[in-house]
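# Structure assessment
Read off the chains here:
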Amino acid sequence: MAADRVPIDRMASAIMEGLQEYADLATDDLKKAVKKAGKSVKDEISQTAPKDTGQYAKSWAVKTVKETSNSLDVVVHSKNRYQIAHLLEHGHAKRGGGRVAARPHIAPAEEKAVQTLESEVEKALGG
């Protein structure tokens, strides 16, 4: 009986090693997909942002917030012009009355990045 158990234990061990290798590869591919999506958001915002002086469009960056062996969190933000991001995206009231029209540029970039991330994840997982 014990002799029969050894091949089963080896097979189970080999299966677990194979699954771990697949998980490691998938994690690396998913991290690459997150980085690519973050960069695509930054690039899209920079291209479509209002450009009175160009400084606002150039202020966008991707920052890694947290990275572990199996996850990656990034944030896309305006480094030094963050105060006006919301005002440009959603519009705002004028001092003398009336409103400044919204100039959406963040939400469309985010939607596009979600699509990019989904397609990259599908590719990474062999779908």
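Here the residue numbers are simple positions, counted from 1 along each chain's written sequence. A pLDDT threshold of at least 70 governs which residues receive local features in this predicted model, and a stricter bar of 80 or more applies before side-chain atom pairs are shown or counted, although totals over entire chains, interfaces and linings include all residues. Side-chain numbers come from the whole structure's heavy atoms, not from hydrogens or water.

### Things to note about the overall build of the protein
- Labels follow the DSSP assignment, with helices taken as runs of H or I lasting at least four residues and strands as runs of E lasting at least two, numbered in each case from the N terminus. Each helix and strand counted, the protein has four helices and four strands in total.
- Taken from N to C terminus, the helices and strands of the protein fall in the order α-α-β-β-α-β-β-α.
- For the protein, the proportion of its 127 residues judged to be buried stands at 23%.
- Put simply, 45% of the contacts in the protein that link residues at least 6 apart link residues at least 24 apart.
- The accessible surface values rely on the Shrake-Rupley method and a 1.4 Å probe; as for residues, cover is taken only from the protein chains in view. Entry remark: accessible area of the protein is about 9200 Å², with carbon and sulfur atoms responsible for 55%.
- In the protein, 20 side chains carry a positive charge and 18 a negative one; their mean positions are 13 Å apart. The cut-offs for exposure are 20% and 50% of the maximum accessible area for each residue type, with area from a 1.4 Å probe on protein chains only; residues under the lower value are buried, those over the upper are exposed, and the others partly exposed. Note on contacts: a residue pair qualifies if any of its non-hydrogen atoms lie within 4.5 Å across the two residues. Counting rule for charge: Lys and Arg are taken as positive, Asp and Glu as negative, and neither His nor the chain ends is counted. To locate a charge, the coordinates of NZ of Lys, CZ of Arg, CG of Asp or CD of Glu are taken.

### What to know about the side chain of Lys31
- With respect to the secondary-structure elements, Lys31 resides in helix H1 (residues 2-48).
- Classification of Lys31 by relative accessible area gives buried; the value is 13%.
- Here Thr68 takes part through its backbone oxygen, which lies 2.6 Å from a polar atom of the side chain of Lys31.
- Beyond its immediate chain neighbours, meaning those up to four positions away, Lys31 contacts Glu67, Thr68, Ser69, Asn70, Ser71 and Leu72. The term polar contact refers here to a pair of N or O atoms within 3.5 Å; inside protein, the definition further demands a hydrogen-donor-capable atom paired with an acceptor-capable atom, and it admits residues adjacent in sequence only when both atoms are side-chain atoms.

### A look at the nonpolar core
- Take the buried residues of types Ala, Val, Leu, Ile, Met, Phe, Trp, Tyr and Cys, join any two whose side-chain atoms come within 4.5 Å, and each joined set is a nonpolar core. Residues Ala37, Val41, Ile45, Ala49, Tyr56, Ala57, Trp60, Ala85, Leu88, Ala109 and Ala113 constitute the largest nonpolar core, which totals 11 residues.
- Elements represented by at least two residues in this core include exactly H1, helix H2 (55-58), helix H3 (82-90) and helix H4 (106-124).
- The leading source of residues in this core is H1, at three residues.
- In this view, Ala113 contacts Ala37, Ser40 and Val41; residues no more than four positions away in its chain are not counted.

### Re the pairing of strand E1 (residues 60-68)
- DSSP-based pairing: two strands are paired if at least 2 bridges between them are found. Two strands pair when backbone bridges link them, and E1 and strand E2 (residues 71-78) are joined in this way by eight bridges, in the antiparallel orientation. Among the inter-strand pairings, Lys63 is bridged to a residue of E2, identified as Val75.
- Counting the residues in the hairpin turn of E1 and E2 gives two residues.

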